Every structure is written in C-alpha cells, then in structure tokens.
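Reading the structure
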Amino acid sequence: MMNKTLTFFQLCDSNFPTGAFSHSFGFETYMNEEAIHDASSFGVWLKIFLQEQLVYSEGLSARLIYEALENGDPDEIIYRSQALTAQILPREVRVANQKMGERFLVLGQDLFEIKELDMYHQAVVNKEVDAHPVVVLTVIGHHLGLGKQETIEAFLYSTIATMVQNAVRGVPIGQTAGQRLLLAFQAEINGAYLQIERLSEGDFGSTPPGLEIAQMRHELLFARNFMS
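These lines cover the structure that appears in this document, whether it is placed above or below.

Attention shifts here to the overall build of the protein. Secondary structure assignment for the protein yields 10 helices and 0 strands. In sequence order, the protein lays out its α and β elements as α-α-α-α-α-α-α-α-α-α. Taking 228 residues into account, the globule formula puts the C-alpha radius of gyration at 17 Å, and the protein, at 17 Å, falls close to it. Projecting the C-alpha coordinates of the protein onto the three principal axes gives extents of approximately 50 × 35 × 35 Å.

Pasting the structure below:
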C-alpha cells in the first residue's frame, strides 16, 4: 500500500531526476559580482527569492491549481501553466522550467495513473502549453490526497532544498551551513504559505525586477557552472 507522505517526500527530494541541480535561477550572477560569497549572503538572496518571486509565481499558481482541482475544474491547469510561461521574462529561467517540467511530467506519468497529467501531457505534445514542475507536483499532491498546505509547502521546500544544495557546490557554503539554512527556512516556508493564502489572483507575477534582471544577465556571464 502506497504511503502518500513518503511518496511525496520522494518527489520533493532534491535528488529526484528533473535536472534542477543544474540551475541557480540567477544566484550565480550575484556570485559573479561577489554579492553572494558565503552562507549568510546566500541566505539573504534565498529569502528574497522565496518571498518575492516564488510566492507570487509558482506558489500562487500551486494554490490556484489545487483549488481548481478541488472544484472539479481541471482545465484551469492549462490556463495556469500558460500564465506561468507568460510571466517568466528571463529566457534561461523559462527554458529551465520547461525542461524540468517535461522531465517531471514524464516521470509522473510513469509512476502514477492520473487523468489530469495525461491531459496536461497531451496539451504539451500539442504545443498548447509548456510544462512546469509546480503544475505536475500540485496535480500529484492533490491526487495523493495531500492537503493544500502540505502540497504547497512541500513544493516550496523542494525548491529551497535544491537551491541550498546547488549553493553548497557553487558558492561553496559547506554542507553544515547548508543544513543550518534548511532548518532555519522551515519558518520562512510556513510564512510564505500564509502569504500565498492572502494573495488574490491579481497578485500573480508581481516579482521584483532586480531578480529578473540578474536572471537575464546570467547567460552573458563569461564563465558559468549552472544553466540558469
């Protein structure tokens, strides 16, 4: 018998093979400028990334998708995925989400039988929409019977954990410092979820231009360890 909590742990593990380990989502630009140079400075960036970008984009999308599934409206999955693509201005980040989303979608279909994933996959094949990891994870979380808060916080945690592991290798910040950050960010993730619950649909995409510009500038760096 499948344990839904352990199954979701597996999907949210930073080692789950979606290719997320290849991306910094812009923090490598700040490393290049020496604005990020240790665990403390990386933690500052990570908090801004969570509170000012993830909350207003993927986090709010996860909430709206979950609520649509609860209301029996699976077509909202396609609309929300299209909206995510439209609001991601940096090309590298847009491509990163597409590639990770496609990989996650294929894995999700291999592991589960979920009609909403099949519908989403067909829309991707038909080039009606680009795949996004948060869409796939939210659909699976709802299918497994996890609550909205569990699903959204798990997504936020998996993203933060991946960024921390990438910083351990990239900055580098050290394994112990990385684990301290993850522990400290439990409260930040819960706060981010509460913030997401307070947002309206009109808040979607209200991300800070500074982060987006850094993400855009990443592909122009002379030397890079990450794909975004």
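On to unusual backbone geometry, then. With omega at -10°, the peptide bond leading from Val 171 into Pro 172 counts as cis. Here Pro 172 is to be found in the loop between helix H8 (148–170) and helix H9 (175–198). Its identity is not glycine, yet Glu 34 carries a phi of approximately 65°, on the positive side. If you trace the backbone, Glu 34 turns up in the loop between helix H2 (27–32) and helix H3 (39–70). Positive phi is not limited to glycine here, since Lys 127 has a value of about 60°. Turning to its location among the elements, Lys 127 is positioned in the loop between helix H6 (115–125) and helix H7 (133–144).

Moving on: H8. Look at H8: 33 Å from first C-alpha to last across 23 residues, which is about the 33 Å you get at 1.5 Å a residue. Burial of H8 is extensive: 18 of the 23 residues sit out of reach of the surface.

Between its first and last C-alpha, H9 extends 34 Å over 24 residues, near the 34 Å set by a 1.5 Å rise per residue. Its axis deflected by about 35° at Phe 185, H9 carries its strongest bend there. Within the sequence span of H9, burial applies to Ala 177, Gly 178, Leu 181, Leu 182, Phe 185, Ile 189, Ala 192, Tyr 193, Gln 195 and Ile 196. Looking at the buried side of H9, the elements it contacts are H3 and H8.

If you look at the biggest cluster of nonpolar residues, it comprises 72 residues, and the most contacted ones within it are Phe 27, Phe 42, Tyr 120 and Ile 140. Of all the elements, H3 adds the most residues to this core, at 13 residues.

Bringing the pattern of salt bridges into the picture now. A full pass over the atoms with the stated rule returns 10 salt bridges. Between Glu 219 and Arg 91 there is a salt bridge, with the nearest N and O atoms lying 2.8 Å from each other. Within this pair, whereas Glu 219 is found in the segment after helix H10 (209–217), its partner Arg 91 is found in helix H5 (residues 91–111), the two being separated by 128 residues in sequence. Residue Glu 219 is classed as partly exposed on the basis of its relative accessible area of 32%. Here Lys 115 makes a salt bridge to Glu 116, at a shortest N to O gap of 3.3 Å. The buried category is assigned to Glu 116, whose relative accessible area is 16%.

Cut-offs used in this document
- Residues numbered from 1 in each chain as written.
- Predicted model: local features only at pLDDT ≥ 70, side-chain atom pairs only at ≥ 80, totals over all residues.
- Heavy atoms only, no water.
- Helix = DSSP H or I, 4+ residues; strand = E, 2+ residues; numbered from the N terminus.
- Rg over C-alpha atoms; globule rule 2.2 N^0.38 Å.
- Expected span 1.5 Å × (residues − 1).
- Buried < 20%, exposed > 50% of the residue type's maximum accessible area, 1.4 Å probe, protein only.
- Bend = angle between axes of the 7 residues up to and from the residue.
- Contact = heavy atoms within 4.5 Å.
- Core = buried A, V, L, I, M, F, W, Y, C linked by side-chain atoms within 4.5 Å.
- Salt bridge = Lys/Arg side-chain N within 4 Å of Asp/Glu carboxyl O.

The values reported here are purely geometric and, on their own, carry no functional implication.
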